[in-house]
Amino acid sequence: SDLGYFNGYLHIGVGAGGTILISTDNGNTWNLETHGTQTLYDIAVVQEMMSNSLVIVGAGGTILKGTNNFGMWSWDFEMSSTSNTLRSIIKGTDALVAVGHSGTTVTKGNMDMSWISRYFSGTTNTLRDIAWNGSAYTAVGDSSTILRNYCGTEGACSYWAPQRPALNPEDF
């Protein structure tokens, strides 16, 4: 589950059973919506023209896009090209990238109509989070897995380079 804070007033929470909680008044009141039955794990904000869109990922390869049209939310499921659970999503400059179980990585460029599986993450470990620093994506996961995608803004590169952790996890 995740909680996002956007535009100084909008809060979105996601969780078990397709739960989406929305507050449009800085968290004072909340509306409950349910979309599907899968657990939802993470949220990315996408700016499209004059409206905000959200992309939510979850269990079973769930990808749910929410669009805010003048205060009214509409929700659409998108085909993710995987049935593996997606744990995290990030918006880069020109692409959305999601990661999850069994080393799954899927991408959708700004001009792409569909999500594309990237089968060459180099790991079968669960990837639990992803970050974008303006030039590369970094994914982290179980067993000290750290992967970096140096393909930059498009997120379309299939190769994820493994990185070595600075410390042994047993040192913590």
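As shown above, the structure is provided for reference.
Since the model is a prediction, treat every value here as computed from it, not as a measurement.

1. A closer look at the sheet that holds strand β16 (residues 161-162)
Each strand in a sheet pairs with another by means of backbone hydrogen bonds, the pair being arranged parallel or else antiparallel. As summarised here, the arrangement of the four strands in space is β13-β14-β15-β16, forming an open sheet in which the pairing is antiparallel. Across the chains shown, the open sheet's two edge strands, defined by having one partner strand only, are β13 (127-132) and β16. Bridging between strand β15 (residues 145-149) and β16 involves two bridges; their strand directions are antiparallel. Its bridge partner lying in β16, L147 is registered against P162.

2. Some details on the pairing of strand β8 (residues 72-78)
Summarising the sheet, strand β7 (residues 63-69) and β8 pair through seven bridges and their orientation is antiparallel. If you follow I63 over to β8, its bridge partner there is E78. As consecutive antiparallel partners, β7 and β8 are separated by two residues, and within that stretch F70 has a phi angle of approximately 55 degrees, a positive value.

3. A short note on the nonpolar core
A general feature of soluble globular proteins is that nonpolar side chains tend to end up buried together. Counting 12 residues, the largest nonpolar core consists of L10, I12, V14, I20, I22, L40, I43, L54, I56, L64, W73 and W75. Secondary-structure elements contributing two or more residues to this core are β2 (10-14), β3 (19-23), β5 (40-48), β6 (51-58) and β8. The element that contributes the greatest number of residues to this core is β2, accounting for three residues. Beyond its immediate chain neighbours, meaning those up to four positions away, I22 contacts L10, H11, I12, T29, W30, N31, E33, W73 and W75.

4. Brief notes about the packing of aromatic side chains
Inspection of the entire model under this criterion finds two aromatic pairs. Ring plane angle 20 degrees and centroid distance 5.5 Å describe the contact between W73 and W75, whose orientation is recorded as stacked. Like W73, the residue W75 is buried in the burial classification. Between W132 and Y137, the aromatic rings sit 4.4 Å apart at their centres with planes inclined by 40 degrees, giving tilted as the arrangement. Here W132 and Y137 have matching classes, each one buried. The cationic tip of R87 hangs over the ring face of Y41; the distance from NZ or CZ to the ring centre is 4.1 Å.

5. A few points about the pattern of salt bridges
According to the stated counting rule, one finds two salt bridges in the structure shown. R128 serves as the salt-bridge partner of D142, at 2.6 Å between the closest nitrogen and oxygen. Of the two residues, D142 sits in the loop between β14 (137-141) and β15 while R128 sits in strand β13, which places them 14 residues apart along the sequence. Classification of R128 as partly exposed rests on a relative accessible area of 37%.

6. Concerning a nonpolar patch on the surface
Taken together, L3, L21, W30 and L32 make up a surface patch of nonpolar side chains, about 400 Å² in accessible area. Tracing the sequence through the fold places W30 in the loop between β3 and β4 (31-34).

7. Brief notes about the sheet that holds strand β12 (residues 116-118)
Taken in spatial order, the four strands make up an open sheet running β9-β10-β11-β12, and their pairing is antiparallel. Every interior strand has two partners, whereas the edge strands, β9 (86-91) and β12, have only one. Each strand of the sheet is rotated relative to its neighbour by a mean of 25 degrees, with strand direction disregarded. Relative to strand β11 (residues 105-109), strand β10 (residues 95-100) runs antiparallel, the two being bridged by five bridges. Across the sheet, A98 pairs through a bridge with V106, a residue of β11.

Rules and cut-offs
- Residues numbered from 1 in each chain as written.
- Predicted model: local features only at pLDDT ≥ 70, side-chain atom pairs only at ≥ 80, totals over all residues.
- Heavy atoms only, no water.
- Pairing = 2+ DSSP bridges.
- Helix = DSSP H or I, 4+ residues; strand = E, 2+ residues; numbered from the N terminus.
- Core = buried A, V, L, I, M, F, W, Y, C linked by side-chain atoms within 4.5 Å.
- Buried < 20%, exposed > 50% of the residue type's maximum accessible area, 1.4 Å probe, protein only.
- Contact = heavy atoms within 4.5 Å.
- Phe/Tyr/Trp six-rings, centres within 6.5 Å; stacked < 30°, edge-to-face > 60°.
- Lys NZ or Arg CZ within 6 Å of the ring centre and 35° of its normal.
- Salt bridge = Lys/Arg side-chain N within 4 Å of Asp/Glu carboxyl O.
- Patch = residues over 30% accessible without salt bridge, like charges linked within 9 Å, V, L, I, M, F, W, Y side chains within 5 Å.
- Areas by Shrake-Rupley, 256 points an atom, 1.4 Å probe, with all protein chains shown as cover.
- Axes fitted to C-alpha atoms, helices over the stretch in contact; angles between N-to-C directions.

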